[in-house]
Amino acid sequence: MQAGIESISIYTSQYYLDLKALANQSGEDPNKYYIGIGQQRMSVPPPDEDVVTLAANATAQALQGIDTTALDTFLFATETGIDQSKAAGIYVHELVRLPKNMRVFELKQACYSGAGGLSMAVPYLLHHPDRKVLIVAADVARYGIGSIGEPTQGAGAVAMVLSTNPTIMTFDLESGLYTNDVMDFWRPNYADEALVDGKYSIKMYITALREAWQQYTGITGRPFGDFHRFVYHLPFTKMADKAHQFLVRHANAELNQEEWQRQIDDAAIYQRFIGNTYAGSVFVALTSLLDNSQEDLAGKRIGLFSYGSGSVGEFFSGIVQQGYKAYLKKALHHEIIAGRAELDYETYREFYTFKSRLPTDGAVMQTPKYNAGRYRFAGLADHKRLYEVVV
Ligand code: HMG
């Protein structure tokens, strides 16, 4: 028996900023963003969108055609929590009407926590083969107007139903792990924007990849050649080039640039237009690979690397299942990404700074209506966040 993905779907906010608009402001050459970091656009949430609405939209999509009575666990991975105590997943649970007899809680470790949830869910399912687990990873990446990280912002969610009926992909039980206490990226409780030591964070990512890969290959004995494609955590698409170039060299794999590039390119397609989705990123990349690969990946082993600053890295793997394409939501994902509205720079700033204008004294506030999909953050009253279903 094996466990893995029965359904997977992504969602992103319905507004974006093209990075040339940012380049016009910063005085940078747009090619620094388009080519240098490999990013074209970034999703920007409107005032009535947050991780709950992003997650609820992705969850509703992933649950289409799924029998939810078997769901007993919902893990919500985010570093954009909306409350210091209550799990954001409980709001999602109510919005998408999940069964009451289940557990819901939140996971945090920067961009790593979605992969952490997966590594707990797979053995759990093997012990409870009649159950299903929902993992949702949702984040809004914010670094601050004019900051070095600004072009690597983004927003989005990915929802996965895991079960012992893994029609899309199974996961191997072995993985390589690495934890190291470093300050490469963090967000103090009083801050809305992440602090980052950009170049150092790239070094720490590569260090974690090296150590996690070393442990993974030590445990499994699997050589580099066993992997058909590689899916990396993508803070920006060029990060996968840096990481994979390193791994190819480190593993003494004899591949030319065209060959190693082919192993990672399809996974980067969505990220280039959405931006960083932190905890969701590696699974948005996996969805991008599965949706966009022209090649039939059935039966192929995929290597995945998740990195969460601070830091935790995990190298893990899985096998794509026969007939997987019939279960993907490729057309929906393309429609969501292509259907977004472009923002001018002023509206981007307006959306961006809205968060700082939310009342903190318990006053009633209604958020202006934008397109936040089927669910919206309607406002605040008496220190409580209010959500509504858009009919
Ligand atoms: P920067 O200093 O703005 O950029 O920082 P740069 O000067 O290093 O330039 C970037 C690249 O563009 C360089 O290429 C330039 O040569 C090139 P590279 O040397 O890297 O190959 N370039 C150009 N190319 C073409 N035409 C041009 C041009 N000009 C320059 N005209 C940095 C970039 C990514 C560091 C910054 O945006 C940043 O700090 N971002 C946030 C941190 C980050 O994403 N770190 C990644 C690793 S940590 C991680 O992944 C975890 C994370 O997701 C958080 C979590 O765990 O929750 C971030």
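Here, every reference points to the structure presented above.
Owing to the predicted nature of the structure, the values given are computational and were not obtained by experimental measurement. (Residues numbered from 1 in each chain as written. Predicted model: local features only at pLDDT ≥ 70, side-chain atom pairs only at ≥ 80, totals over all residues. Heavy atoms only, no water.)

Caption draft 1: Broad picture of the pattern of salt bridges. In this structure the tally under the stated criterion is 23 salt bridges. A salt bridge links Arg142 to Glu193, with the nearest nitrogen and oxygen atoms 3.0 Å apart. Taken together, the positions of Arg142 in the loop between β6 (132-141) and β7 (154-163) and Glu193 in the loop between β10 (185-186) and β11 (195-196) put the pair 51 residues apart, joining distant regions of the chain. Owing to a relative accessible area of 26%, Glu193 belongs among the partly exposed residues under this scheme. (Salt bridge = Lys/Arg side-chain N within 4 Å of Asp/Glu carboxyl O. Helix = DSSP H or I, 4+ residues; strand = E, 2+ residues; numbered from the N terminus. Buried < 20%, exposed > 50% of the residue type's maximum accessible area, 1.4 Å probe, protein only.)

Caption draft 2: Main features of the packing of aromatic side chains. Within the structure shown, the criterion is met by 24 aromatic pairs. With centroids separated by 5.7 Å and ring planes inclined at 90°, the aromatic side chains of Phe227 and Phe315 adopt a geometry described as edge-to-face. Taken together, the residues span a long stretch of sequence, with Phe227 in the loop between α6 (198-220) and β12 (229-232) and Phe315 in strand β14 (residues 312-320) at a distance of 88 residues. Comparing Phe227 with Phe315, the two get one shared label, buried. For the pair Phe351 and Tyr370, a centre-to-centre distance of 4.9 Å together with 70° between the ring planes defines the contact as edge-to-face. In this pair, Phe351 sits in helix α12 (residues 345-354) while Tyr370 sits in the loop between β16 (365-366) and β17 (375-381), placing the two residues 19 residues apart along the sequence. For Phe351, a relative accessible area of 5% corresponds to the buried category. Three or more aromatic residues joined by ring pairs make a cluster, and in this case those are Trp213, Tyr216, Phe224, Phe227, Phe230, Tyr232 and Phe315. Just above the ring of Phe377 sits the side chain of Arg385; from NZ or CZ to the centre is 4.1 Å. (Phe/Tyr/Trp six-rings, centres within 6.5 Å; stacked < 30°, edge-to-face > 60°. Lys NZ or Arg CZ within 6 Å of the ring centre and 35° of its normal.)

Caption draft 3: Structural view of the side chain of Asp72. Looking at the secondary structure, you find Asp72 in strand β4 (residues 71-77). You can call Asp72 buried: its relative accessible area is 11%. In this view, Asp72 contacts Asn101, Met102, Arg103, Tyr124, Arg131 and Lys132; residues no more than four positions away in its chain are not counted. (Contact = heavy atoms within 4.5 Å.)

Caption draft 4: The arrangement of the pairing of β14 in detail. With 8 of its 9 residues buried, β14 lies for the most part within the structure. Of the pairings in the sheet, the one linking strand β8 (residues 169-171) to β14 comprises 3 bridges and is antiparallel in character. Paired with Phe171 across the strands is Gly318, a residue of β14. Pairing of strand β13 (residues 301-308) with β14 involves 8 bridges; the strand directions are antiparallel. (Pairing = 2+ DSSP bridges.)

Caption draft 5: Quick look at the environment of Asp241. Its place among the elements puts Asp241 in helix α7 (residues 237-250). Under the relative-accessibility criterion, Asp241 is labelled buried at 15%. With residues up to four places along the chain from it excluded, the contact list for Asp241 reads Trp260, Gln261 and Ile264.

Caption draft 6: Region of the structure containing the sheet that holds β16. Strand order in the open sheet formed by 3 strands is β16-β17-β18, and the pairing between neighbours is antiparallel. Two strands in the sheet have a free side with no partner beyond their single neighbour: β16 and β18 (384-389). Helix α3 (residues 51-62) rests against β17 and β18 of the sheet, and its axis sits at about 150° to β17. Helix-sheet contacts for helix α4 (residues 88-95) involve β17 and β18, and the interaxial angle to β18 is about 30°. (Axes fitted to C-alpha atoms, helices over the stretch in contact; angles between N-to-C directions.)

Caption draft 7: The site of the ligand, seen in detail. Around the ligand, 28 residues are found, and the nearest of them are Glu79, Cys111, Ser201, Lys242 and Ser309. The separation between an oxygen atom of the ligand and a polar side-chain atom of Glu79 is 2.6 Å. Between the ligand and Ser309 there is a distance of 2.7 Å, counted from an oxygen atom to a backbone nitrogen or oxygen. A total of 1,100 Å² of accessible area belongs to the ligand in isolation, and the protein chains cover 75% of it. Mapped by element, the contributors of at least two residues to the shell around the ligand are α2 (30-36), α6 and β13. The biggest single contributor to the shell around the ligand is α6, with 5 residues. Residue composition of the shell around the ligand, grouped by class: 13 nonpolar, 10 polar and 5 charged. (Near = heavy atom within 4 Å. Polar contact = N/O pair within 3.5 Å; in protein donor to acceptor, adjacent residues only side chain to side chain. Areas by Shrake-Rupley, 256 points an atom, 1.4 Å probe, with all protein chains shown as cover. Nonpolar A, V, L, I, M, F, W, Y, C, P; charged D, E, K, R; others polar.)

All we've got here are geometric facts, nothing functional implied.
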